[in-house]
Structure formats: structure tokens, C-alpha cells
There are 2 protein chains.
Amino acid sequence: MDEFALIQALVAKLPPPGADVMVPIGDDCAVVDGGGRLAVTTDAVVEGVHFRRDTMSPPQMGYRAMAAAVSDIAAMGGQPAWITVALAVPPSWPQEDVVAIYDGVSEAAAAFGASVVGGDVVSTQGPLWMSITAVGRVERPVTRAGARPGDVLFVTGSLGGSAAGLDILLGRRAGSAIAQAVLVERHRRPTPRIAFGREAARLGATALDDISDGLASELNEIAEASGVRLLFEGDRVPIQPEVTEYARAVGKDPLEYALFGGEDYELVGTAPRDVFARLLAVAPVVGTPITAIGRVEEGDGVVMRRDGKLSVVARGGYNHFER
Amino acid sequence: MDEFALIQALVAKLPPPGADVMVPIGDDCAVVDGGGRLAVTTDAVVEGVHFRRDTMSPPQMGYRAMAAAVSDIAAMGGQPAWITVALAVPPSWPQEDVVAIYDGVSEAAAAFGASVVGGDVVSTQGPLWMSITAVGRVERPVTRAGARPGDVLFVTGSLGGSAAGLDILLGRRAGSAIAQAVLVERHRRPTPRIAFGREAARLGATALDDISDGLASELNEIAEASGVRLLFEGDRVPIQPEVTEYARAVGKDPLEYALFGGEDYELVGTAPRDVFARLLAVAPVVGTPITAIGRVEEGDGVVMRRDGKLSVVARGGYNHFER
């Protein structure tokens with residue numbers, strides 16, 4: 001592999017950088033005009049751990065890795081602005097496939113309104129990997145720690161599709177062909193909720209997190225960081241209809257996909273009632289459905305009510321209990 | 001490997017973040033207060049490619065990877081401020097060795113005046129790797145493209161030590177034990193020239209680059225980016241005395257280490273004569289020796305004069321010629 005030629009080929013794929021990029025790729029550093037608060041995040045993916053060549057094309061890998069990184073900026077209420085991509089390439093990967101990864105990187109950068117301002121390309125004898133760092137502008141950061149008793153608990157979009165899509169890609173086919181195709185696409189092309197995240201921050205959401213490890217995990221992170229209890233209704237968790245169809249066909253509870261599946265990259269958050277009313281009004285404007293699934297209480301932990309029963313929901317599962 | 005526990009152990013190693021870090025590690029993103037121009041750079045290293053376990057301890061790996069990333073900020077005339085570290089760990093690495101990498105990361109962050117504000121830890125079936133992204137403040141960025149005919153060509157410190165040290169680590173022992181120890185230390189602990197880079201930018205240096213791939217490579221990058229010819233005197237290139245001793249013992253030309261060895265992380269730059277005079281005055285204040293090695297001319301390419309002969313110096317070697 002000729003590293004210089006490869007880098008040139010990768011850079012040629014990129015959309016032109018925004019006007020706020022003073023020195024673009026090609027020098028020691030990119031120079032960007034800050035002038036405000038910036039959110040910084042890094043997300044790494046490894047072939048065989050986070051994706052497989054037989055379940056994802058190179059552009060899909062690139063797009064998806066970018067979406068995962070940018071989703072963290074969205075979960076802070078920020079707007080992604082500048083991104084760097086480190087890429088390690090094993091000898092077994094043909095150069096055109098490596099370059100094709102950047103078709104997805106490039107498409108994602110344009111779709112998310114961000115400039116790829118740098119990176120590194122190295123060789124490795126191990127699996128291919130990417131490490132993506134995103135820097136975003138954020139006026140009022142929304143952390144996981146601000147949920148307060150009385151707040152409404154909400155999620156964006158619908159859940160479970162990515163994990164169901166991955167099950168299908170790994171060979172567990174069931175249900176209609178159309179539902180399967182929808183779920184596979186959902187797995188390959190998550191949509192970070194950037195515009196909604198910005199609005200949630202502007203309007204006064206108190207906590208916000210993106211759903212990368214499953215709703216159960218993120219709810220526990222908010223409850224812990226905020227020092228509160230989160231109570232939600234199992235039947236109100238918005239589940240993608242195709243997930244329900246697929247889960248029934250394979251004999252699973254659709255809710256399992258939403259709670260423990262992960263990688264949906266929707267947002268979960270909390271807001272006072274009046275703020276939530278404004279979020280409901282703005283949601284259609286930014287093309288992001290939201291659903292109230294519960295409320296914030298004093299206490300700790302995450303509790304689900306379903307079929308009249310209460311369960312403590314931990315990161316890895318739940319246990320019924322009486323109270 | 002328990003990823004959560006590992007991350008906690010890594011974060012516990014870090015010095016407290018600076019006052020400009022509004023949200024530190026632990027949420028979706030770090031939030032930093034920009035308010036000015038920022039330099040962004042990413043640098044990746046892979047075990048077996050950029051370092052080996054038998055030539056470098058885990059803390060040394062961490063320190064060195066940080067130094068390499070931060071050196072790019074120094075070469076822009078910036079001050080490193082915020083750093084993220086992505087780390088992929090194979091099952092063969094004991095957890096305490098992985099955590100020990102962060103002893104070096106932490107030491108470097110403190111030494112360089114930067115806060116580690118985020119990162120990612122993932123598992124891999126391949127070799128260990130790290131990807132480091134550094135964001136720095138930079139008031140007046142100094143690129144490679146500003147060298148002008150008549151400017152003085154200069155380098156900081158002395159060259160060749162890192163490559164000679166690596167040769168020794170790889171088993172080619174020669175010369176005195178003290179010289180060998182000095183060179184090995186030079187390989188393992190490069191010093192990014194942050195303070196000098198800032199002064200060079202402030203006082204008006206016209207081009208600046210850090211020496212990661214050998215002086216020959218960096219000179220060609222400046223000549224190309226600036227559209228000029230660089231003429232330098234081979235005998236004026238500052239070579240570490242231990243390199244001269246070692247090179248003679250192994251029957252090599254010491255200059256080869258300086259020109260083609262790389263990873264010294266010194267700076268090479270250009271400046272008008274009056275600016276260079278001011279750089280000479282400020283160099284001892286920031287503890288960084290500088291040496292004029294030549295000048296910028298109209299034309300293209302890199303030319304070395306040595307023993308009364310001229311050579312064209314390419315990235316990978318040089319050829320004598322007459323003019």
C-alpha cells in the first residue's frame with residue numbers, strides 16, 4: 001500500500017470543508033475557528049468486533065462509524081462541526097475497498113453538516129479499524145446528570161431495529177422480506193438526532209443520552225448520574241413495527257430488542273413538563289417523533305411497569321419485584 | 001476484560017482537567033471552551049508497526065504516542081489543550097499493562113499542558129493500537145506553505161538520535177554504553193517543541209514543520225507546499241554527538257540518521273532574517289537550541305551542499321549533481 005497515494009484518494013472523496021475551516025487537511029493540523037463552546041468525542045470500531053465485512057459494505061462501515069461518533073455530539077445538544085478519522089488497514093484489504101469506506105465517511109459528513117478536517121492512515125497486521133473524533137459547537141450542553149424528580153422521560157424515534165437487523169444479517173431470517181429489508185437498513189444506516197438534540201438543549205431538556213448500548217443501559221446511566229429513579233411504562237416504549245413482526249416470528253419479546261439491543265442511536269432524555277410540551281411541538285418540525293415513556297422520581301435505579309407489574313431494570317436484564 | 005472497570009482505571013490515572021474543560025470525561029462528550037482558533041490533529045500507532053513491546057514499556061508507549069500527536073500542534077505554532085485517546089486492546093495484554101500505558105499518557109498530558117478530555121476503549125483480536133486526537137489553541141497558525149526566497153532555514157535541537165536509538169533497541173549495539181543509553185532514551189522520550197513553536201508563530205516564522213519522517217522528507221514538504229527551493233549546508237545540520245559516535249562505530253554516515261531517520265520531533269522552519277534574529281534571542285529562554293542550516297531560494301526541490309558538492313535531496317535519498 002502506498003500511504004501517500006491512499007491518503008490523496010481518501011481526501012479526494014471529501015466534500016469541501018466549511019468556511020470555518022481555516023487550514024484543511026494536508027498540513028500538520030487542521031485549524032478551526034472556535035469562538036464558543038465545543039464538544040469533543042472519540043469513537044473507535046474494529047472489524048470483527050463492531051462490524052463484519054459480510055454484513056456491511058465499505059461505504060456502510062464508513063457512514064455508520066461517523067453516525068456513531070456524531071450521535072454523541074447530538075446527545076450533548078451540539079452541532080457536529082469538525083471530524084478526524086484514523087484508519088488502520090491490513091494487507092488483506094484491497095485499496096479500492098479502503099477508499100470506498102470514505103464514500104460513506106464523505107456522505108455522512110455532508111449529511112451531518114460537519115467537515116472532516118484531518119486524520120491518520122496506518123497499516124496493521126490485525127483487523128481493520130477506524131477511530132473517529134468529532135468536535136461540535138454546543139451552546140448549552142445537556143449532560144446525563146440533570147434529570148430532576150417530576151421531569152418527563154422521553155425517547156425519540158423507535159427502538160430495537162438495529163439489533164433485529166443485525167440478527168437477520170447474522171443469518172437468523174424470519175418474517176416478511178420487506179420487514180427484514182427495513183431492519184437491515186436500520187442497522188446499517190442509523191440517523192443521529194442532531195437537529196432534535198439542538199432543539200432539546202435550546203428549549204431546556206434536563207438530561208440527554210444517545211442509545212448506543214440499549215435503552216436499559218442508557219436509563220441506568222441517567223439515573224446514576226442524576227441521582228434519581230426513572231420509572232417507565234414498558235408498553236409505551238416505541239418499538240419499530242418491523243421489530244414487533246420479526247420478534248414474534250423468532251419467538252422473542254420485542255421489548256427485549258429495545259431495552260438491550262443497542263445501536264439505535266435514538267436519544268433518551270428528561271425535561272420539565274412545560275419544556276416537554278414545547279419539545280412535542282418542535283419534534284415534527286425537525287422530523288423526529290418523540291414519545292413520553294415515564295417520569296423521574298426521587299430515589300435511584302430504573303423501574304419498568306408492564307402488565308401491572310413492576311421490574312427493576314438493570315443494564316443486562318430485569319427482575320420483577322413487588323412494592 | 002471488563003471495559004467499564006478498565007476505563008475507570010484509566011481515567012483514575014489522569015491529572016485533573018484544566019479550568020477550560022466544562023464537562024470532563026464520563027458523559028457523551030467533553031465540552032471545552034473554545035473562544036479562539038483551534039488546531040486539531042490525529043495520530044495513530046499500532047503495535048508491531050510503530051512500536052514493539054520488547055523495545056518500549058507501556059508507559060513509554062503512552063508518552064511517546066502523546067508526544068507525536070502534540071508535536072503536530074507545536075508545528076502549527078499552537079498550544080495543545082484537549083486530547084482524546086482511543087485504545088484497542090487484544091486479549092493477550094494483561095490489564096495492568098494496558099493501564100500502565102496511561103501512566104505515560106498522564107505524564108505527557110501534564111508535561112504538555114493539555115487535558116485528556118475523552119476517548120474510547122475497545123477490544124481487538126489484532127495488535128494493540130492507540131489513536132490520539134489533540135486540539136490546541138493557535139493564534140497565528142504557521143503552515144508549511146509560507147517559506148519565501150531570502151528566508152533563513154533553521155532546525156531546533158539536534159537530529160538523528162531517535163533512529164539511532166531504535167537501531168540499538170533492535171540489537172545493533174555499538175559504541176559506549178553511555179552513548180547507547182542516551183540514544184535509547186532519545187528514541188523513547190521525544191520532546192515536542194511546544195514553547196518554541198508558539199514563539200516562532202508569535203514572532204513571525206513563515207513555515208514550520210515537525211520532524212517525524214526525517215529532515216529530508218519535511219524539507220521536501222515545505223519546498224513543495226511553499227513553491228520554493230530549500231538550500232542547506234550538510235555540515236550545519238545539528239547532529240546529536242552520541243549519534244556521531246554511534247554512527248562511526250557501525251560504519252554509517254551520521255548525516256543519514258538526521259536526514260532519513262525520523263521521529264526526532266524537532267521543528268524545521270523558515271523565517272525572514274530579522275525574525276530569525278529574534279528567534280535566536282528567544283531560543284534559550286524556552287530551552288530550545290536553534291541552528292540556521294541554509295536558506296530559501298526561488299525554484300523548487302531541496303538541495304544540500306556538502307564538501308563543496310551539491311546534491312538533490314529527495315524524501316528517500318540524495319543524488320549528487322553539478323550546477
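As annotated in an unreviewed UniProt entry, chain A is Thiamine-monophosphate kinase from Alicyclobacillus acidocaldarius subsp. acidocaldarius. The record in UniProt for chain A states the following under Pathway (unreviewed entry): "Cofactor biosynthesis; thiamine diphosphate biosynthesis; thiamine diphosphate from thiamine phosphate: step 1/1." As its UniProt record puts it under Catalytic activity (unreviewed entry), chain A is described as follows: "thiamine phosphate + ATP = thiamine diphosphate + ADP".

(A) Quick peek at the packing of helix 5 (residues 177-188) of chain A against helix 8 (residues 241-249) of chain A. All names here are of chain A. Where helix 5 meets helix 8, the axes come as close as 9 Å, and the angle between the chain directions of the two elements is 120°. Overall, the two elements helix 5 and helix 8 adopt an arrangement that is oblique. Between helix 5 and helix 8 lies a crossing of left-handed hand. In contact with Ala-179, Val-182 and Leu-183 of helix 5, helix 8 contributes Glu-242, Val-243, Glu-245 and Tyr-246. Of the residues belonging to the contact of helix 5 with helix 8, the class tally is 5 nonpolar, no polar and 2 charged.

(B) Focus on the relation of the copies chain A and chain B. Structural alignment of chain A on chain B gives an RMSD of 0.0 Å, achieved by rotating through 180° and translating 0.0 Å along the axis. Both chain copies can therefore be described as sitting about a two-fold axis. Comparing contact sets, 100% of the residues at the interface of chain A also lie at the interface in chain B, consistent with an isologous, same-surface contact.

(C) Spatial organisation of the pattern of salt bridges. Residue and element names in this part refer to chain A. Across all of its chains, the model carries 36 salt bridges over all chains by this definition. Of the charged contacts, one joins Glu-266 and Arg-186 as a salt bridge, the two residues approaching to 3.1 Å between their closest N and O atoms. A residue pair is termed long-range when its members are at least 10 positions apart, and Glu-266 in the loop between helix 9 (254-260) and strand 10 (267-271) and Arg-186 in helix 5 qualify at 80 residues. For the pair formed by Glu-266 and Arg-186, the shared burial category is buried.

(D) Inspection of the packing of aromatic side chains at higher detail. One pass over the structure, following the stated rule, counts 9 aromatic pairs over all chains. Arranged with centres 5.9 Å apart and planes meeting at 35°, the rings of Phe-154 of chain A and Phe-276 of chain A form a pair that is tilted. With Phe-154 of chain A in strand 7 (residues 152-156) and Phe-276 of chain A in helix 10 (residues 273-282), this residue pair connects regions lying 122 residues apart in the sequence. Each member of the pair Phe-154 of chain A and Phe-276 of chain A is classed as buried. Summarising the aromatic geometry, the rings of Tyr-246 of chain B and Tyr-257 of chain B are spaced 6.2 Å apart at their centres and angled 55° between planes, so their arrangement reads as tilted. Linking Tyr-246 of chain B in helix 8 (residues 241-249) with Tyr-257 of chain B in helix 9 (residues 254-260), this pair joins segments that are 11 residues apart in sequence. By the burial criterion, Tyr-246 of chain B is buried, and Tyr-257 of chain B matches it. Site record: aromatic cluster; members linked through ring pairs are Phe-154, Phe-196 and Phe-276 of chain A. In this structure, Arg-189 of chain A packs its charged tip against the face of Tyr-63 of chain A, placed 4.0 Å from the ring centre. Lying over the aromatic face of Tyr-257 of chain B, Lys-252 of chain B brings its terminal NZ or CZ to 4.5 Å of the ring centre.

(E) Fine view of the UniProt feature "binding site: substrate" (unreviewed entry) in chain A. Residues given the UniProt feature "binding site: substrate" (unreviewed entry) here are His-50, Glu-263 and Tyr-318 of chain A. With respect to the helices and strands, the residue His-50 of chain A is situated in the loop between strand 3 (37-46) and helix 2 (58-74). Residue His-50 of chain A is classed as partly exposed on the basis of its relative accessible area, which comes to 26%. With sequence-adjacent residues up to four places away left out, His-50 of chain A is seen in contact with Ala-44, Val-45 and Arg-64 of chain A together with Val-122 of chain B. Within the element layout of this structure, Glu-263 of chain A appears in the loop between helix 9 and strand 10. Not counting residues up to four positions away in its chain, the partners in contact with Glu-263 of chain A are Arg-64, Ser-162, His-187, Ile-211, Ser-212 and Asp-213 of chain A.

(F) Looking closely at the domain arrangement of chain A. Residues and elements named next belong to chain A. Taken domain by domain, chain A holds domain 1 (3-137) and domain 2 (152-159 + 190-243 + 253-321). Between the C-alpha centres of domain 1 and domain 2 there is a distance of 28 Å. Between domain 1 and domain 2, the contact holds 14 residues from the first and 13 residues from the second. When domain 1 packs against domain 2, the two sides together hide about 1200 Å² of surface, and 60% of this comes from carbon and sulfur. For the pair domain 1 and domain 2, the number of links is 3 residue pairs in polar contact (both at pLDDT 80 or more). In terms of residue count, the dominant contributor to the side of domain 1 that touches domain 2 is helix 2 (8 residues). Grouping the constituent residues of the side of domain 1 that touches domain 2 by class yields 8 nonpolar, 4 polar and 2 charged.

What counts, and at which threshold
- Residues numbered from 1 in each chain as written.
- Chains lettered and ligands numbered in written order.
- Predicted model: local features only at pLDDT ≥ 70, side-chain atom pairs only at ≥ 80, totals over all residues.
- Heavy atoms only, no water.
- UniProt positions renumbered as here; feature names shortened; annotations may be inferred.
- Axes fitted to C-alpha atoms, helices over the stretch in contact; angles between N-to-C directions.
- Helix = DSSP H or I, 4+ residues; strand = E, 2+ residues; numbered from the N terminus.
- Parallel < 35°, antiparallel > 145°, perpendicular 65-115°, else oblique.
- Left-handed = near helix turned anticlockwise from the far one by under 90°.
- Contact = heavy atoms within 4.5 Å.
- Nonpolar A, V, L, I, M, F, W, Y, C, P; charged D, E, K, R; others polar.
- Least-squares fit on C-alpha atoms with pLDDT ≥ 70 in both.
- Salt bridge = Lys/Arg side-chain N within 4 Å of Asp/Glu carboxyl O.
- Buried < 20%, exposed > 50% of the residue type's maximum accessible area, 1.4 Å probe, protein only.
- Phe/Tyr/Trp six-rings, centres within 6.5 Å; stacked < 30°, edge-to-face > 60°.
- Lys NZ or Arg CZ within 6 Å of the ring centre and 35° of its normal.
- Domains from an automatic or database assignment.
- Buried area = accessible area lost by both parts, 1.4 Å probe.
- Polar contact = N/O pair within 3.5 Å; in protein donor to acceptor, adjacent residues only side chain to side chain.

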